[in-house]
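Survey of secondary and tertiary structure
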There are 2 protein chains.
Amino acid sequence: MRNLLLRLMYDGTSYHGWQVQPNDITVQEELQNAIEKILGVRENVTGCSRTDSGVHANDFCCNIRTENEIECYKLTGALNAVLPDSISVKSCEEVSADFHSRYDCRRKQYLYRIWNSTSKNPFLKDYAYHYKKKIDAVFLNEQARQFVGTYDFSAFCASGSSVEDTTRTIYSFSVERHGDEVDFLVDGNGFLYNMVRIMVGTLIEISENRIEKDTIEGIILSKDRSNAGRTAPACGLYLNKVTYEEG
Amino acid sequence: MRNLLLRLMYDGTSYHGWQVQPNDITVQEELQNAIEKILGVRENVTGCSRTDSGVHANDFCCNIRTENEIECYKLTGALNAVLPDSISVKSCEEVSADFHSRYDCRRKQYLYRIWNSTSKNPFLKDYAYHYKKKIDAVFLNEQARQFVGTYDFSAFCASGSSVEDTTRTIYSFSVERHGDEVDFLVDGNGFLYNMVRIMVGTLIEISENRIEKDTIEGIILSKDRSNAGRTAPACGLYLNKVTYEEG
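Keep in mind the model is a prediction, meaning the values are calculated, not measured.

**Details of the pattern of salt bridges**
The tally for this structure, following the rule as stated, stands at 28 salt bridges over all chains. Close ionic contact of Lys223(A) with Asp152(A) constitutes a salt bridge, the shortest N to O distance being 3.9 Å. Placement of the pair is Lys223(A) in the loop between α5 (216–222) and β10 (237–243) and Asp152(A) in strand β7 (residues 149–152), with a sequence separation of 71 residues. Residue classification places Asp152(A) among the partly exposed residues on the basis of a relative accessible area of 23%. Between Arg113(B) and Glu181(B) there is a salt bridge whose closest N-O contact spans 2.8 Å. Of this pair, Arg113(B) sits in strand β5 (residues 107–115) while Glu181(B) sits in strand β9 (residues 181–188), and the two are 68 residues apart along the sequence. Classification of Arg113(B) as buried rests on a relative accessible area of 18%. The exposure class assigned to Glu181(B) is buried, which follows from its relative accessible area of 13%. Each of Glu205(A), Glu208(A), Arg210(A) and Arg230(A) takes part in a single network of salt bridges with overlapping partners.

**Remarks on the packing of helix α1 (residues 27–39) of chain B against helix α2 (residues 72–82) of chain B**
Residue and element names in this part refer to chain B. Packing of α1 against α2 leaves a shortest axis separation of 9 Å and a crossing angle of 120°. If you check the angle between α1 and α2, you find them oblique. Of the two elements, α1 crosses α2, and the hand of that crossing is right-handed. Of the residues in α2, those in contact with Ala34, Ile35, Lys37, Ile38 and Leu39 of α1 are Leu75, Ala78, Leu79 and Val82.

**Side note on the packing of helix α3 (residues 137–144) of chain A against helix α4 (residues 195–207) of chain A**
Residue and element names in this part refer to chain A. Relative to each other, α3 and α4 sit at 125°, their axes nearing to 10 Å. As far as their axial angle goes, α4 and α3 are oblique. With respect to the hand of their crossing, α3 and α4 are arranged in right-handed fashion. Contacts between α3 and α4 involve Phe139, Leu140, Gln143 and Ala144 from the first element and Leu203, Ile206 and Ser207 from the second. When grouped by side-chain class, the residues that make up the contact of α3 with α4 number five nonpolar, two polar and no charged.

**Focus on unusual backbone geometry**
Backbone geometry follows two general trends: most residues other than glycine have a negative phi, and most peptide bonds adopt the trans configuration. Despite not being glycine, Asn194(A) has its phi angle at roughly 70°, a positive value. Locating Asn194(A) in the fold gives a position in the loop between β9 (181–188) and α4. Judged by relative accessible area, which is 17%, Asn194(A) ranks as buried. Even without being a glycine, Lys223(B) presents a positive backbone phi close to 55°.

**Description of the pairing of strand β10 (residues 237–243) of chain B**
Residues and elements named next belong to chain B. Most of β10 sits out of view: five of its seven residues are buried. As defined by bridge partners, β5 adjoins β10 across six bridges and the pair is classed as antiparallel. Within β10, the position partnered with Lys108 by the bridge is Val242.

Cut-offs and rules
Residues numbered from 1 in each chain as written. Chains lettered and ligands numbered in written order. Predicted model: local features only at pLDDT ≥ 70, side-chain atom pairs only at ≥ 80, totals over all residues. Heavy atoms only, no water. Salt bridge = Lys/Arg side-chain N within 4 Å of Asp/Glu carboxyl O. Helix = DSSP H or I, 4+ residues; strand = E, 2+ residues; numbered from the N terminus. Buried < 20%, exposed > 50% of the residue type's maximum accessible area, 1.4 Å probe, protein only. Axes fitted to C-alpha atoms, helices over the stretch in contact; angles between N-to-C directions. Parallel < 35°, antiparallel > 145°, perpendicular 65-115°, else oblique. Left-handed = near helix turned anticlockwise from the far one by under 90°. Contact = heavy atoms within 4.5 Å. Nonpolar A, V, L, I, M, F, W, Y, C, P; charged D, E, K, R; others polar. Pairing = 2+ DSSP bridges.

Shown next as C-alpha cells:
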C-alpha cells in the first residue's frame with residue numbers, strides 16, 4: 001500500500017470548506033471524485049485540517065492510501081486535468097506508510113488579507129475582507145505580538161467546539177501594510193476552530209478602540225470567548241503553509 | 001450642465017466588454033443603470049475605449065453630462081452602493097464642459113498578466129493567461145523594445161477593424177517576471193483593436209521559436225496581420241492607466 005502526500009491550492013469561494021458534507025459541495029469531495037476518475041477506485045483522502053466555507057488555501061496538505069502504482073507526476077497532471085479550475089494539485093510525493101497529514105503536522109501558517117480602502121476592489125471581492133476604516137498596521141503589528149507564546153487559547157475558539165486540549169503555541173504574528181492591503185500572518189503549531197478569524201477580529205476591535213490596547217494577554221488568560229473580538233469574515237483567510245518534520 | 005469624469009475599476013469576467021450591446025450585459029449598461037437609480041435620469045456615459053469580453057480594468061475613465069448638483073464624493077459612494085461588486089468607482093471629479101474621455105486621452109497603459117507555471121493557479125483562473133512553457137522574461141523584454149516608436153501598426157490590428165488611421169506611438173513596452181507571473185506593461189498614445197493581445201501573442205510565438213527573434217520591426221513594416229502572432233486570451237488583459245493632459 002502506498003501513501004501519497006498531495007499539496008493543493010484552492011479558491012474556497014464556492015465550497016463548503018474541505019470536509020465532505022451530506023448536501024454541499026466540498027473540496028474533499030471534488031478531490032475524491034477526481035481520484036476515482038483517475039484511479040478507478042474511490043480512495044479516502046485525509047486532510048491536514050478542516051477549512052470553513054469560503055476559506056482559501058495556498059497550501060493545503062492531504063494524504064491518500066492507494067495500491068495503484070501510478071507515478072506521482074502523472075497523478076498530479078491527471079488530477080489537474082479533471083479537477084475544477086478552482087482546485088489545483090501543486091505536488092504529489094510518496095511518504096512513509098504511517099504518515100498522517102493531520103497528526104504529523106508540526107506547524108501551520110495562516111494569512112488573513114484585508115482590503116483597507118474606502119473603495120471596493122472588484123478583484124478582491126471574494127479574496128480579502130473589505131474593511132474601510134484606516135488601519136494602523138504598525139500599531140497592530142505591535143499588539144499582535146501579545147499572541148506569541150504557549151497558552152490555553154479557549155477565549156479565541158468558536159463556542160460549541162468540542163476539542164479537549166485548547167493549548168496551542170503561536171510562534172509569530174505579524175501585521176504588514178502593502179499599499180491598500182493589510183496582511184496578517186500567523187504561525188503556530190495548531191489552531192482552534194475559528195481561532196485566526198477571532199484573533200484578527202480582536203485586532204480590528206483594538207484598532208476601533210472597542211477593545212483596549214495591550215489587553216490581549218488578559219483576554220487569553222480569561223479563557224472567556226466573550227472578551228475577545230468578533231470573528232472576521234471567512235473570505236480573507238488562507239491556509240498559507242503546512243510544515244511537517246524537517247527533512 | 002456639469003461634466004463629470006469617473007474612474008472605474010472592474011472585473012470584466014462576466015461582462016461583454018464596456019460598450020452597451022443589445023442582448024448582453026456590459027459595464028456601460030450596469031453603470032447607466034446605477035446612475036439612473038441615483039440621479040433619476042438615464043444619463044449617457046462616454047467611455048475612454050471599448051474593452052472586449054473578459055478584459056479587466058484597473059483604471060477605466062468615462063464622463064457623464066448631468067444637470068444634477070450632487071457632490072462628487074456623494075455620487076461615488078452612492079454608485080458604489082448600487083453597482084455590482086465587480087465594478088467599483090474609484091473617483092469622480094468635475095471637468096470642463098468640453099472634456100471627452102476618449103478624444104482627450106493622451107496616453108494609455110495596458111497590463112497583460114501570464115501565470116507561467118505548469119501548475120494551475122485557482123486564484124488567477126479569470127485574471128491571468130495560464131501559459132505553461134517557461135518564458136524567458138529577460139529575452140522577451142529585449143524583444144519587446146522593438147515595438148517602441150511611431151508606426152502604422154495595422155499588422156497588429158484584428159482584421160475587420162474599420163479604423164482609418166492605424167498609426168500609433170508606443171512609448172514603452174516591458175516584460176518582467178515576478179515569481180511564477182510574467183507581466184507585460186505597454187504604454188502608448190492609443191491602441192488598435194486587439195493590438196496589445198496580438199503584440200503579446202507575437203512575443204509568445206517568439207518565445208516558442210515560431211516567429212524568429214528580432215523580426216518585430218519587419219512584421220510592423222509588412223502591415224500584414226498574418227505575419228504577426230496569435231491573439232493572446234482576453235482574461236490576461238487589463239486597462240491599467242489612462243492619462244489626460246498633465247495638470
